[in-house]
Amino acid sequence: MLPTIKIGLIGPESTGKSTLAESLAARFGGMCVPEYARKYVGTLGRPYTYDDVCLIAERNRYEAHTAQGLTFFDTELIITKVWFDEVYHQRPQWLTAPVPKDCRMDFYLLTAPDLPAVPDPLRENLSQPARERLFRLYLAETESTGVPFAIVKGVGHERQARAERILQDWFSGQR
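The structure displayed is predicted, hence computed values, not measured ones. (Residues numbered from 1 in each chain as written. Predicted model: local features only at pLDDT ≥ 70, side-chain atom pairs only at ≥ 80, totals over all residues. Heavy atoms only, no water.)

A. Structural detail: the overall build of the protein chain. What the protein chain contains, in helices and strands, is six helices and five strands. Walking the protein chain from its N terminus toward its C terminus, one meets helices and strands in the order β-α-β-α-α-β-α-β-α-β-α. Computed over the C-alpha atoms, the radius of gyration of the protein chain is 15 Å, within 12% of the 16 Å expected from 2.2 N^0.38 for a compact globule of 175 residues. Summarising its shape, the C-alpha atoms of the protein chain cover approximately 45 × 35 × 30 Å along the three principal directions. A burial count over the protein chain gives 47% of its 175 residues as buried. Long-range pairs, those at least 24 residues apart, make up 75% of the contacts in the protein chain between residues at least 6 apart in sequence. For the protein chain, the exposed area adds up to about 8,900 Å²; of that, 56% sits on carbon and sulfur atoms. With 21 positive and 22 negative side-chain charges, the protein chain shows a separation of 3 Å between the mean positions of the two kinds. (Helix = DSSP H or I, 4+ residues; strand = E, 2+ residues; numbered from the N terminus. Rg over C-alpha atoms; globule rule 2.2 N^0.38 Å. Buried < 20%, exposed > 50% of the residue type's maximum accessible area, 1.4 Å probe, protein only. Contact = heavy atoms within 4.5 Å. Areas by Shrake-Rupley, 256 points an atom, 1.4 Å probe, with all protein chains shown as cover. Lys, Arg positive; Asp, Glu negative; His and termini not counted. Charge placed at Lys NZ, Arg CZ, Asp CG, Glu CD.)

Below you can see the structure in the form of structure tokens.
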């Protein structure tokens, strides 16, 4: 059985997390866990509530806790944690401290807001100042975990190639 390795993709809205998670999983022969919040909120038919975000956080926690093999997460608890702070100014009790150790990733790829924002009915913070502010919040939360991470920049194939090189280097150091 392969060891469990969890790679989390985090970053502001419209910074290529979904595209990278899917393509990196295919490139390295891993699984991709799609963003649950997008699917969940997209089917609500009403504005989401604090309780909805709690449910999303629990799902993120479950997915991280039960991952096996090489798994790429298109968003995870850091994003949900920051979202609680941004929208509700509070979090569930279990998420007030750093991300629980059993839910932490082994490596994070933090996507920079250097791509043009693409409008979408589910996206809320597409202005460049908002994306940069959220990037700084995600960076601070990521640094607080003590887990290795790298920032991914670039457009299109360049962004993909940089992410692949970052992971190849990290994987090489894990042997």
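B. Quick look at the pattern of salt bridges. As enumerated under the stated definition, the model contains twelve salt bridges in all. Between Arg 46 and Asp 52 there is a salt bridge whose closest N-O contact spans 2.7 Å. On the basis of relative accessibility, which here comes to 41%, the residue Arg 46 falls in the partly exposed class. For Asp 52, a relative accessible area of 4% corresponds to the buried category. Note that Arg 59 and Glu 63 form a salt bridge whose closest N and O atoms lie 3.0 Å from each other. Here Arg 59 and its partner Glu 63 are both found in helix H3 (residues 50–66), four residues apart, which amounts to about one turn of the helix. Judged by relative accessible area, Arg 59 falls into the partly exposed class, the value being 34%. (Salt bridge = Lys/Arg side-chain N within 4 Å of Asp/Glu carboxyl O.)

C. Representation of the environment of Ser 18. On the secondary structure map, Ser 18 appears in helix H1 (residues 17–28). Sequence separation of Ser 18 and Cys 32 is 14 residues, and the distance between their C-alpha atoms is 9.1 Å.

D. Here's a closer look at the environment of Ala 112. Mapped onto the elements of the fold, Ala 112 is located in the loop between strand E4 (107–111) and helix H5 (128–145). Between the C-alpha atoms of Ala 112 and Asn 125, which are 13 residues apart in sequence, the distance is 14 Å. Apart from residues no more than four positions distant in its own chain, Ala 112 is found in contact with Thr 15, Phe 135, Ile 151, Val 152, Lys 153 and Arg 159.

Purely spatial values, then, with no claim about function.
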